[in-house]
Amino acid sequence: MPETGVDGRTSPTPLRVPEPTVERLSTYLQFLYSAAASGLTTISSAHVESATAVSAAQFRKDLSYFGEFGKPGVGYVISELQGRISRILQLHETQPVILIGLGNLGAALLSYPGLTEQRFEVVAAFDIDPKKCGRTVQGVPVYALSDLLTECARLNPRIAILAVPGLAAQQTFDLAYQTGIRAILNFAPAVLKVPAGVTVRNVSFTQELAVLSYHIKTDQLDS
Ligand code: ATP
């Protein structure tokens, strides 16, 4: 159903962008960074196909959700494409992020330089262990979990990284939700129950390793 704009004219309903397309945009951005670093100023969809596992047709289709890209005979100007994909992913401005759970994994995440390189700024960390609070780790202040609502009202983070034990995951998500956060990167080994409008990306190293382990066994049976 077409939407009616303020000027009374109709515009086509924006297509719902499939999640795999959004995932691939980040792959394209990485590729564009490395292409620019190697001295290229333009690329073609064939370049994308040879450097990533994505076909040229899929690349063009993914971009088509967001308008017109590239010029016939020229291809895609890298700086322009980088700028547009960054805007689509909202990576053109710094994204304030909070970390909940400063154990071994949380601490490792804070020391990962890739976060700031991609303009994700961890503005605060929270923990229930009083020994961990009141300090600064990798330049990030660590607060008691009981300060979450107050600090988030001040810092206005959009994304929370959960690195707490599985049993604490739902409770910490519920608290983060109260602050207005609607995007969660969940490292906790737990399935979160979340209201509509919340996006959760689960990361489980052990689950990934289990899949690899299964394939090793299957490969051995095949050979
Ligand atoms: P450590 O031994 O330093 O606690 P760890 O990686 O073994 O590290 P985990 O048991 O996985 O720790 O817990 C991760 C972190 O989450 C810890 O720092 C812990 O204090 C914190 N944590 C546990 N429960 C909660 C909670 N409900 N809210 C916030 N942080 C929590």
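No experiment lies behind these values; they were computed from the predicted model shown.

Colleague: An account of the side chain of Thr21 is requested, with residue identities and associated values reported.
Modeller: Mapping Thr21 onto the fold places it in helix α1 (residues 19–37). The exposure class assigned to Thr21 is buried, which follows from its relative accessible area of 1%. Once residues within four sequence positions are removed from consideration, Thr21 is found in contact with Asp62, Tyr65 and Phe66.

Colleague: Please set out the environment of Thr136 residue by residue, giving values where relevant.
Modeller: Along the polypeptide, Thr136 turns up in strand β7 (residues 136–137). Spatially, the C-alpha atoms of Thr136 and Ala125 are 9.0 Å apart, while their sequence positions differ by 11 residues.

Colleague: How would you explain the domain arrangement of the protein chain if you had to name every residue and give the values?
Modeller: Looking at the assigned domains, one finds that the protein chain contains domain 1 (3–88) and domain 2 (95–207). A straight line from the C-alpha centre of domain 1 to that of domain 2 covers 30 Å.

Colleague: Can you explain α1? Please cite residues and give values.
Modeller: Helix length check: α1 (19 residues) gives 28 Å between terminal C-alpha atoms against 27 Å at 1.5 Å per residue, within 8%. All buried positions along α1 are accounted for by Thr21, Arg24, Leu25, Tyr28, Leu29, Phe31, Leu32 and Ala35. Looking at the buried positions of α1, the neighbouring elements they touch are β3 (42–43), α2 (45–51), α3 (56–64) and α4 (78–88). Looking one or two places after α1, you find Gly39, whose phi comes out positive at around 100°.

Colleague: I'd like a rundown of helix α8 (residues 166–178), residues and numbers included.
Modeller: Among all positions in α8, only Ala168, Ala169, Thr172, Phe173 and Ala176 are buried. In this structure, the buried residues of α8 make contact with β5 (95–100), α7 (148–155), β9 (159–162) and β10 (183–186). Following α8 by one or two positions, Gly180 adopts a phi angle in the positive range, close to 105°.

Colleague: Requested: an account of the side chain of Asp62, with residues and values cited.
Modeller: One can find Asp62 in helix α3. Among the polar contacts listed, one links the side chain of Asp62 to the side chain of Tyr28, at a separation of 2.6 Å. Excluding anything up to four places from it in sequence, Asp62 contacts Thr21, Arg24 and Tyr28.

Colleague: Now, about the site of the ligand: what can you tell me, with residues and values included?
Modeller: Of all residues adjacent to the ligand, which total 16 residues, the nearest are Gly103, Asn104, Asp127, Ile128 and Lys132. With the chains in place, 66% of the 610 Å² that the ligand exposes on its own is no longer accessible. Judged by the proximity of its atoms to the pocket grid, the ligand belongs to the second largest pocket. For the shell around the ligand, the leading source of residues is α8, giving 3 residues. When the residues that make up the shell around the ligand are grouped by side-chain class, the tally is 8 nonpolar, 5 polar and 3 charged.

Colleague: Tell me about the layout of surface pockets, and please be specific about residues and values.
Modeller: Over the atoms rolls a probe the size of a water molecule, and in doing so it shows where empty space is left. For the largest pocket, the calculated volume is near 1600 Å³. Along the wall of the largest pocket there are 44 residues; nearest its centre are Leu91, Phe120, Ile159, Leu185 and Arg201. Secondary-structure elements contributing two or more residues to the lining of the largest pocket are α1, β5, α6 (114–117), β6 (120–127), β9, β10 and β11 (199–202). Looking at the lining of the largest pocket, the element that brings in the most residues is α1, giving 7 residues. Among the residues making up the lining of the largest pocket, the classes are represented as 25 nonpolar, 12 polar and 7 charged. Two domains each put at least three residues into the lining of the largest pocket: domain 1 (3–88) and domain 2 (95–207).

Colleague: Can you explain the packing of aromatic side chains? Please cite residues and give values.
Modeller: For the structure on display, the rule yields 5 aromatic pairs. Aromatic side chains Tyr28 and Phe59 sit 4.8 Å apart centroid to centroid with 90° between the ring planes, which places their arrangement in the edge-to-face category. Of this pair, Tyr28 sits in helix α1 while Phe59 sits in helix α3, placing them 31 residues apart in sequence. Since its relative accessible area comes to 1%, Tyr28 is described here as buried. Ring geometry for Phe187 versus Phe205: centroids 6.1 Å apart, planes at 45°, classification tilted. You can see Phe187 sitting in the loop between β10 and β11 and its partner Phe205 sitting in helix α9 (residues 205–222), a full 18 residues away along the chain. Positioned above the aromatic ring of Phe69, the side-chain terminus of Arg84 is 3.7 Å from the ring centre. The side chain of Arg182 reaches across the aromatic face of Tyr177, ending 3.7 Å from its centre.

Definitions and cut-offs
Residues numbered from 1 in each chain as written. Predicted model: local features only at pLDDT ≥ 70, side-chain atom pairs only at ≥ 80, totals over all residues. Heavy atoms only, no water. Helix = DSSP H or I, 4+ residues; strand = E, 2+ residues; numbered from the N terminus. Buried < 20%, exposed > 50% of the residue type's maximum accessible area, 1.4 Å probe, protein only. Contact = heavy atoms within 4.5 Å. Domains from an automatic or database assignment. Expected span 1.5 Å × (residues − 1). Polar contact = N/O pair within 3.5 Å; in protein donor to acceptor, adjacent residues only side chain to side chain. Near = heavy atom within 4 Å. Areas by Shrake-Rupley, 256 points an atom, 1.4 Å probe, with all protein chains shown as cover. 1 Å grid on protein atoms, 1.4 Å probe; cavity = no way out; pocket = protein on both sides within 12 Å on 5 of 7 lines; lining within 4 Å. Sits in = over half its atoms within 2 Å of the grid points. Nonpolar A, V, L, I, M, F, W, Y, C, P; charged D, E, K, R; others polar. Points joined across faces, edges and corners; volume = space filled by probe spheres on them. Phe/Tyr/Trp six-rings, centres within 6.5 Å; stacked < 30°, edge-to-face > 60°. Lys NZ or Arg CZ within 6 Å of the ring centre and 35° of its normal.

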